[in-house]
Amino acid sequence: MSTLLAQSGRPFPDWAWFDERNVDRLRDLFVEHVQLTGLALLFGLLIAIPLAVAAVRWRRLYSPLLNLTGVLFTIPSAALIIAVFAFLPVQTFGLKPRTSVLALTIYTLLILFRNTVAGLDSVPRDVTEAATAMGFRPSRRLLRVEFPLALPVIIAGIRIAAVTTLGLVTVTAFIGQGGFGQLFITGFQRQYTMEVAVGVVASVLLAVLVDLLLVWAERALTPWSQSRGGAT
Amino acid sequence: MITFDAVRKQYPDGTVAVDDLDLQVEEGDVVVLVGPSGCGKTTTMRMVNRMIEPTGGTITVDGTDIMSTDPVKLRRDIGYVIQQIGLFPHRTTAENIATVPELVGWDRSRIRERVAELIDTVGLPDGVADRYPHQLSGGQRQRVGVARALATDPPVMLMDEPFGAVDPIVRGRLQDEFLRLQAEVHKTIVFVTHDIDEAIKMGDRIAILSEGGVLQQYETPASILAHPANAFVEDFLGEERGLKRLSLIPVKEVTADRGPVVTVGTNATDAREVARSQGADWVVIVGDDDTLRGWSWTDELADPVDGDAAKPFVTQVEAQDSLRTALDALVSSWTGVAVRVSGGDRYEGLLTRELLTAELHDDARARL
Ligand SMILES: Nc1ncnc2c1ncn2[C@@H]1O[C@H](COP(=O)(O)OP(=O)(O)OP(=O)(O)O)[C@@H](O)[C@H]1O
Ligand SMILES: [Mg+2]
């Protein structure tokens, strides 16, 4: 940053950066950033939830799946994304958003799977037994009892996945997407500090905003756990 | 009616939890399964609604083999209060109680009415309907658990230590309320506890199980207390078997002594004569309709006898109290006399240590 500052002939902060062209660009990058993250989360959930249900239902799958995702999870996120790029047949997939979404999905999948399993596991046994004893069929029990009760842990997983993915999206700038991450690349190339700074601030703001939204969603969806620790 | 015929449960790991169990639960009876921890009470109970499948023998409910019934349907027809209550944390009191009615598709207004009725029946305050379980006290949670099991008015109820998680005072109150309720609804109930006193209080019949799910004795509480089948049962009944038996006999079984009673307004000389004729130096003073006013020494009597000056009796018992309660009252009273009343203040007579002892002797002789 210091070398960047030294070499750049422009003032900092440079409010002139926000001209019409850049504001339009910022908006497009925002859309791309949100889209990549949103799609990765969506696909991650679509795969993680059935997988987690299967792991909880058929205990035989439980340990292998949990171990596998555990190992993958220890790999630093950026390294994992790059590894995915390296090993995926990028040639066949091309330098397209779908390649990025695929890589990001694999990462969200790890987080979401582990949290969904933890959430379903956290449902007290006496509650599921009571449900069975009252004549819930397994599918209804899952939908009406287990999922609602697992929701706080699942949403906690979505929050981690969302914030992590928002950060990882910038890495996909290497293959031409990257949302706000592109500002880093072009900012460095042009030695334009303000552009890099806008990229950083925009990423952070977006992450904070999304996290707040998810916290609010959790409150709205689980009114029963809100006052926990209050009365009793 | 529930029938166990040579029922056996061996878990996959080899543990035999219930062995060769024959048991008949008559319609409208409360049968209490009691025994030390791990003796197979929960297993026995859960086989009835197929939460656990027997590995031998047959169980029938109202003549139908449970193995030929769809388990989900079977469970909806049997009320179940789980050992740890198991309320749904994400559903309010009202929603918890509404669970089975919703499952079987009652319409909304019928559910709302039923929930309101049950909240009242189990003695929950009105304000709790919209609270979540974590906002309720332990006793209230137990009540919600019972209300939820009663929701569709199932003829058969399984209750696994339904009052296990509350303190003794609340437990006593819940037991009393349960007995009052059962006297109205006459359900066929299998009730699990490991507390022999609770078993004696709640059960029409008691099944005593030992480790490995072996039935040791199955009879009425009075018979079990009078004639324990073997050393295990005797040991399980513990100390104070005589006292426990007293807790089963109501005060009304013992004829009360009318005692030296005088009515307010009697002149003092007549009152002293009543006392003397009974060998007492005191009198019971009653008002009109035998309303109890208190007692007085004969040499402190006003003339005519005045009710307002009478000293109150410290120990009062009612006809439906148990002899154990009466004995306790007598032991703690220095006069050795407890006054028996009905409806709080109508004088019925006196209960003395002598009367109680005589009764016990007769009773003991009759049982020999
Ligand atoms: N799923 C299971 N697999 C193997 N053994 C089991 C299983 N469930 C219960 N058991 C064993 O079966 C026996 C009876 O258990 P059960 O739960 O019926 O006892 P209980 O009388 O209800 O005890 P408590 O008073 O502690 O509730 C115990 O030895 C227990 O360890
Ligand atoms: Mg048990």
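The preceding data block contains the structure.
Because the structure is a prediction, the values reported are computed rather than measured. (Residues numbered from 1 in each chain as written. Chains lettered and ligands numbered in written order. Predicted model: local features only at pLDDT ≥ 70, side-chain atom pairs only at ≥ 80, totals over all residues.)

Caption draft 1: Spatial organisation of the nonpolar core. Membership of the largest hydrophobic core comes to 113 residues, with the highest contact counts inside it found for V32(B), V48(B), A147(B), V190(B) and F191(B). When sequence neighbours within four positions are dropped, the list of residues in contact with V32(B) reads F191(B), T193(B), A199(B), M202(B), G203(B), I206(B) and A207(B). (Core = buried A, V, L, I, M, F, W, Y, C linked by C-beta atoms within 7 Å. Buried ≥ 20, exposed ≤ 12 C-beta atoms within 10 Å, placed from the backbone. Contact = placed C-beta atoms within 7 Å.)

Caption draft 2: Just the environment of P228(B), in detail. All names here are of chain B. When you line up the elements, P228 lands in the loop between helix 9 (221–226) and helix 10 (231–237). C-beta crowding within 10 Å serves as the criterion here: with 19 such atoms nearby, P228 is assigned to the partly exposed category. Taking the C-alpha atoms as reference points, P228 and Q216, twelve residues apart in sequence, are found 9.4 Å from one another. (Helix = DSSP H or I, 4+ residues; strand = E, 2+ residues; numbered from the N terminus.)

Caption draft 3: Summary view of the interface of chain A and chain B. Counting residues at the interface gives 18 residues for chain A and 18 residues for chain B. Those elements that provide at least two residues to the side of chain A that touches chain B are helix 7 (125–133) and helix 8 (138–169) of chain A. Per element, the largest residue contribution to the side of chain A that touches chain B is six residues, and it comes from helix 7 of chain A. When its residues are assigned to classes, the side of chain A that touches chain B shows ten nonpolar, four polar and four charged. (Nonpolar A, V, L, I, M, F, W, Y, C, P; charged D, E, K, R; others polar.)

Caption draft 4: Layout of the sheet that holds strand 9 (residues 205–210) of chain B. Residue and element names in this part refer to chain B. Pairing in this open sheet of six strands is mixed, and the strands run 6-7-8-3-9-10 from one edge to the other. Every other strand in the sheet has two partners, leaving strand 6 (78–81) and strand 10 (214–219) as the edge strands with one partner each. Strand after strand, the sheet turns through a mean of 15° between neighbouring axes, direction not considered. For strand 7 (residues 156–160) and strand 8 (residues 188–193), the ladder comprises five bridges, and the chain directions are parallel. In the strand pairing of strand 8, M157 is matched with I189. Against the sheet, helix 6 (residues 138–150) makes contact with strand 6 and strand 7, and its axis sits at roughly 165° relative to strand 6, the strand it touches most. (Pairing = 2+ DSSP bridges. Axes fitted to C-alpha atoms, helices over the stretch in contact; angles between N-to-C directions.)

Caption draft 5: Highlighting the site of ligand 1. All names here are of chain B. Near ligand 1, the surroundings consist of Y11, D13, T15, A17, S37, G38, C39, G40, K41, T42, T43 and H194. Looking at which element gives the most residues to the shell around ligand 1, the answer is helix 1 (residues 41–48), with three residues. Tallied by class, the residues present in the shell around ligand 1 amount to three nonpolar, seven polar and two charged. (Near = placed C-beta within 6 Å.)

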